[in-house]
Amino acid sequence: MTCASCVNGIERLVGSMDGISSIKVDLMTAQAVVQHSTLAVSAESVRTAIEDMGFEVLVISSKVLPPPNSNESSGNRDAAALGNLPVESWFTIEGMTCGSCVASITSILTGLDGVISADVQLLTAQAMVKHLPRDIGVREISRAIDNAGFKATVLGLDSDGNNTAVVDPSAIALQNMQKHRRTAAMRFGWSLVFSIPMLIISMIIDMALPSSNHVARAFHRRVFQNYSVSVICIFFIATVSQVTLGLYFYKHAFKSLFRAKTANMDVLIALGTTAAYVGSIISVTLQKGAGEQFFETAVFLMTFVLLGRWLEAIAKGRTVSAVEALVKMQPDDALLVHASEKEGDVLETISAKQIQLGDLLQVNSGMRVPCDGVVATGQTDIDEALLTGESAPVVKTVGSVVTGGTLNLSQTIRMRATAINESSTLSRIVKLVREAQSSKPHIQEVADRVASRFVPCVVLASLIVFIAWVSAGAAGSINPKWLTSKQMGHTVDMEGMDGMKEDQQPMKYGIFALLNAISVLVIACPCALGLAAPTAIMVGTGMAARFGILVKGGGATMEAASNIDTIAFDKTGTLTIGKPAVIERHIDNTLESQEPSFKSWVYSGVLAVESLSSHPLATAICTYIRSEATLGNQSLALIEHLELPGRGMQATVNVPEDIGKALGWPGTVTQTQILVGKEEWVKDEGCNLDTPLDLRSQWSDKGFTPVVVALKPVATADRSSSSGQVVAAFALADQVRPEASDVVAKLRQRGINVWMISGDHPAAANAIANALGIVNVMAGVLPEQKSDTIRMLQQRGKDANDSQSKWCSKALRLLRLQKTRHRPYARVAMVGDGVNDAPALAQADVGIAVGSGTAAAMETAPVLLMRPSLYSLLTFLDLSKTVFRRVKLNFVWASIYNVVCIPIAAGILYPAINRGLPPVIAGLLMIASSLTVMSSSLALKLYRERKYQ
């Protein structure tokens, strides 16, 4: 594929086949994703159809998709990560000689625990083993084959159950680009073999050397009929060039026209070079060697085009450097630890593909983590720039999660493998970035449609230019100066001497018209239109990945994000950290004054009780008490304890005599129940709520969650007469992210409407909103209702006072002649934690999940912020605007180039300056157009993230 016309032709042809649901072709990576019904058309049929169009096709992978609107896909991914989903592992087997070997290996494999089936192929010397990674891994399978006297090597492992005997698509894309770059360089090198001699003869000897020069005389000497040595040499070089270099363009032009039923850039080049070559032959032949000849035009055109494609291939390789860097971060080897009581721990170097779930691996200082896992022993610093874009190392201790591909900076650690191969975080990131770079924004779809019609229009324009100039020449309306200025070649007089003299005859108007038509053909550039968006998007998504932002939706998502005017935040886990903390506490001052040890004893009891619960509120209370050195410093023995879900914790402890006396209990009370939980539950247990009313009211207004502590004497059997009482209370609230207030303020400064959508009680939601400066709050919204809320915000439209809204309305009235003003549809982004906000994230124009690389977050929203900071949201919005400003700039340049240069090539400037564009200069300008677009996109790498802290 060379340009957008090729892409459009493939999509149109394959899309028209029966059974094809969708097709998406990516020009940059030279890959396509086709969804089809296997009952109607197979992958091989699609491959054959594309090959019949003249392209080379390789089927990278093929898999069955789950039914739409089902949870099968996400369920399979979770099962794959745990090793509960069958996978297909491929092995090459050396040493098989006959059918009995196949039968023996098959019998051995099917007898292994965890192996579901085995398919051994003698001809290909390969085996496909379907197994459960949880029960048996590739090393055990290889070892079983080796023990049978054969040699087994792992080819691949795919957690989706796909045949990975084929290479990963990302690796294929990189290999294709490297191959394309080498091929383009080789073609350009061969073109120099013809263009350099042509330059020496046609430009230096025939035009620069004086007629008295001995070399010039030798080349201008007639040797065959009336043809000079110069003409014969130039004709021979042009002919060989046309047959060898031109064959490449002829083949692709033929396939494009007669197989793909479309016209691409190769058609224009083939027409232009052929016209120059054939026109020169006709001119020289009719005038018996003395006429104008421009054989060099055809040779130089092909050289310049091949130079441009080589430079394009280099630039394309640089645009996908983000994917290449991610792929290279995956280590090839790992150190497997074998525990042995006799010999101690033994280290074995294995391939990263051979890692199994639960393996104990050693990661030395300076090594990359081979797969996702949990630290088993040791402590070290890990560089997680791969995930977050931050170069500051992160301390990892026992129990910490480590990610494959990250770099161990300091100490040796050992880890347990928890996710391998396609289930690993790095593999998912590579897949997401690759998919993002291949997605098309709406503006690119428009450009592809324009490009598909561009070439036929240019051919028609060239024909019109030729006819117009021939007609003008026949009518005698062409100035002789114009004819002389168009000569890029030379004329040879009847004496065979250099004809570029002051008294030379101007060229014939037919040749003049032909050269103008050729200039129109070669200066037109649909490539610039086709590369305007993909190159910028590829660089932009790669830059986003460097900043810890995964843009799964690619160009379409960044296009929508560049026009966002409303952002809705989920509260818990997004604007807040998602972990409650103790904000305030209260204790009965009267009891504390009567017995100084009362406070310490009560908090020690609370710590002992709450430490037995895994509830987030209990964890927050324990954390708070432990952080206070004077609290909870006594050791209390619990006689019995009980957790009541939805209510709280209760336990029985011995009560000291002085504590009981301070409480006013009789000396017969030796034990008490400590109740820690909701106010309503404690009240139902017969305890008096002695917490000051004004304090409870303040906590309620602030949206705090109260947890009360009550003491109830065990000796009191009658609940109605219980003397239990509340002696302490805690006010808890979710912790606001430290950067949330600044992020909200900066969004409002940009004119973006900020909303908060929460399922919490209105008091709690309003308290957070007031702290962050958010005016628009919707509280008490259930997860399934959030999508309706997003839809309401979209239909509500922009703020009537929004200046951008007013500008859009004026523009619409001017461009569409609207008589009535309509509130424009609001573009809404939803920012959530990616766990229970899936419907809202899907409904929003841009769904943004604040995650940490978990599978659930990756699969939920088109955008994933890997860093634990909302400042990444500002970076994403800035980068999206920057990328699409560059996309629009590229399109403006490509459009203006063609609109301006095609008329100039046609000769519109002749009346003003007596000069036009020779075909060779037109070819150089065509190359400059594409390279300018590529350079403009590559300049996005200069983007630097703002420092907000």
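Residues numbered from 1 in each chain as written. Predicted model: local features only at pLDDT ≥ 70, side-chain atom pairs only at ≥ 80, totals over all residues. Heavy atoms only, no water.

S.K.: Give me the lowdown on the UniProt feature "transmembrane region" (unreviewed entry) in the protein chain, citing residues and values where you can.
M.R.: Per the UniProt record, "transmembrane region" (unreviewed entry) is annotated on residues 188–209, 229–250, 262–282, 294–311, 454–478, 509–533, 891–913 and 919–940. Between the C-alpha atoms that bound residues 262–282 there is a distance of 30 Å. The span itself is 86% helix and 0% strand. Between the first and last C-alpha atoms of residues 454–478 the distance is 29 Å; the span itself is 84% helix and 0% strand. (UniProt positions renumbered as here; feature names shortened; annotations may be inferred. Helix = DSSP H or I, 4+ residues; strand = E, 2+ residues; numbered from the N terminus.)

S.K.: Hey, could you go over the packing of helix α8 (residues 229–258) against helix α9 (residues 265–286) for me, with residue numbers and the actual values?
M.R.: At their nearest, the axes of α8 and α9 sit 9 Å apart, and the two run at 150° to each other. Here α8 lies roughly antiparallel to α9, going by the angle between them. Seen from above, α8 lies across α9 with left-handed handedness. Counting all contacts with α8, which are made through Val231, Phe235, Ala238, Thr239, Gln242, Phe249, Tyr250, His252, Ala253, Ser256 and Leu257, the residues of α9 involved are Asp266, Val267, Ile269, Ala270, Thr273, Thr274, Tyr277, Ile281 and Val284. (Axes fitted to C-alpha atoms, helices over the stretch in contact; angles between N-to-C directions. Parallel < 35°, antiparallel > 145°, perpendicular 65-115°, else oblique. Left-handed = near helix turned anticlockwise from the far one by under 90°. Contact = heavy atoms within 4.5 Å.)

S.K.: Would you mind going over the sheet that holds strand β15 (residues 394–396) in detail, with residue names and values included?
M.R.: If you trace the 3 strands from one edge of the open sheet to the other, you get β15-β14-β17, paired in antiparallel fashion. Because the sheet does not close on itself, it has two edges, and the strands there are β15 and β17 (407–408). Inspection of the sheet shows strand β14 (residues 380–383) paired to β15 by 3 bridges, in the antiparallel sense. Paired with Thr380 across the strands is Lys396, a residue of β15. (Pairing = 2+ DSSP bridges.)

S.K.: Pulling in residues and values, what's your account of the pairing of strand β21 (residues 566–570)?
M.R.: Where a strand is regular, its side chains alternate between the two sheet faces. Summarising burial for β21: 5 of the 5 residues are buried, a large majority. Burial along β21 is two-sided: Thr566, Ala568 and Asp570 and Ile567 and Phe569, pointing in opposite directions, are all buried. Strand direction decides the pairing type here: β21 and strand β28 (residues 753–757), joined by 5 bridges, are parallel. Within the sheet, the bridge partner assigned to Thr566 lies in β28 and is Asn753. Sheet topology places β21 next to strand β30 (residues 828–832); 4 bridges connect them, and they run parallel. Each bridged residue has a counterpart across the sheet, and for Thr566 the counterpart in β30 is Val828. (Buried < 20%, exposed > 50% of the residue type's maximum accessible area, 1.4 Å probe, protein only.)

S.K.: A description of the packing of helix α26 (residues 740–749) against helix α32 (residues 871–906) should follow, citing residues and the corresponding values.
M.R.: Here α26 crosses α32 at 25°, and the two axes come no closer than 9 Å. Looking at the two axes, α26 sits roughly parallel to α32. From α26, Asp742, Val743, Lys746 and Leu747 reach across to α32, where they touch Tyr871, Leu873, Leu874 and Leu877.

S.K.: So, the pairing of strand β27 (residues 725–736): which residues are in play, and what are the values?
M.R.: Most of β27 is tucked away: 10 of the 12 residues are buried. Across 8 bridges, the pairing between strand β22 (residues 576–587) and β27 is antiparallel. Counted as the bridge partner of Glu584 is Ala731 from β27. Looking at chain direction, strand β26 (residues 705–713) and β27 are connected through 7 bridges and run antiparallel. Bridge pairing links Pro706 to Ala731 in β27.

S.K.: Now, about the packing of aromatic side chains: what can you tell me, with residues and values included?
M.R.: With the rule as written, the count across this model stands at 15 aromatic pairs. When the ring of Trp469 is compared with that of Phe512, the centres are 5.1 Å apart and the planes differ by 85°; the resulting orientation is edge-to-face. Separated by 43 residues along the polypeptide, Trp469 in helix α14 (residues 442–474) and Phe512 in helix α16 (residues 509–523) bring together distant segments of the chain. As far as the burial class goes, Trp469 and Phe512 line up, both buried. A relative accessible area of 13% means that Trp469 is categorised as buried. Feature note: the residues Trp469, Trp482, Phe512 and Tyr910 constitute an aromatic cluster, connected by ring pairs. (Phe/Tyr/Trp six-rings, centres within 6.5 Å; stacked < 30°, edge-to-face > 60°.)

S.K.: Quick one: what's the story with α26, residue by residue and with numbers?
M.R.: Those residues of α26 that fall on the buried side of the exposure criterion are Ala740, Val743, Val744 and Leu747. The buried residues of α26 all sit within an arc of 100° when viewed along its axis, so they share a single face. Residues of α26 that are buried make contact with β21, α19 (571–575), β27, β28, α27 (762–772) and α32. Phi for Gly751, located one or two positions after α26, is positive at around 85°. (Arc of directions from axis to C-beta.)

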